[in-house]
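Analysis of the macromolecular model
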Amino acid sequence: MSWIRSKMWLVVAGAAATAGTGCMGLLTPIPVQPWVAERMNEKYTSSAEDKTPIMPPLQDGKPAPLCEDAPSDVEILRVMPRVPRGVPYVAEQFRDDVVFVKNRLVDKIDPPRFFPLIGLAQLHHCHWECVVYYTETKQSDYPFPLYVKKRRVEVIYIDKDHLHLYVGQNVDQQRQTLMEMSKY
């Protein structure tokens, strides 16, 4: 029992000592730079975006699907070169007034071939040209304030290829495979 009292006395004395100095001890907040959250987000985001999706087979008698899913603005910004970080309140660089223009360049389907771990499939090529218009702002506050704004244009090419399973010319087999893939 005396052992517990002595340990308790140490805990109370330590808490009183840190409270008296105005310091919170272990509960002191630690400042974190804003880029730490961005870096952690990049590190731990799912890499499913980089995988080629496998779509249901193409059906005979119906028109071939088009590449209608243009790259999102987030995908385009991820591919763009990073703005170099400056020293806060001394020299910084920003992108303002960002406008995205997306153009489909290629939309074609290859003949069926064998892909390991997938089987017979057709590769659907979807190539996009993304033009990004933005205003580059360079700001310096030390030793004297300076703002430089320039209109910039970046052209980025993105491939959004995907596979369509190929089950042959049998319409019943195509319908059955489509039902199996879409019921979940």
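Residues numbered from 1 in each chain as written. Predicted model: local features only at pLDDT ≥ 70, side-chain atom pairs only at ≥ 80, totals over all residues. Heavy atoms only, no water.

Concerning the packing of aromatic side chains
Each aromatic ring pair is described using two quantities: the centre-to-centre distance and the angle formed by the ring planes. Counted according to the given criterion, the structure contains zero aromatic pairs. Above the ring of Y134, the side-chain terminus of R95 is found at 5.2 Å from the ring centroid. (Phe/Tyr/Trp six-rings, centres within 6.5 Å; stacked < 30°, edge-to-face > 60°. Lys NZ or Arg CZ within 6 Å of the ring centre and 35° of its normal.)

Observations regarding the pattern of salt bridges
A complete count under the given rule lists three salt bridges for this structure. Note that K102 is salt-bridged to D73, the shortest N-O span being 3.0 Å. Taken together, the residues K102 in strand β2 (residues 91-109) and D73 in helix α3 (residues 73-79) connect sequence positions 29 residues apart. Here K160 makes a salt bridge to E75, at a shortest N to O gap of 3.5 Å. Placement of K160 in the loop between β5 (146-159) and β6 (162-165) and of E75 in helix α3 is noted, with a sequence separation of 85 residues between them. (Salt bridge = Lys/Arg side-chain N within 4 Å of Asp/Glu carboxyl O. Helix = DSSP H or I, 4+ residues; strand = E, 2+ residues; numbered from the N terminus.)

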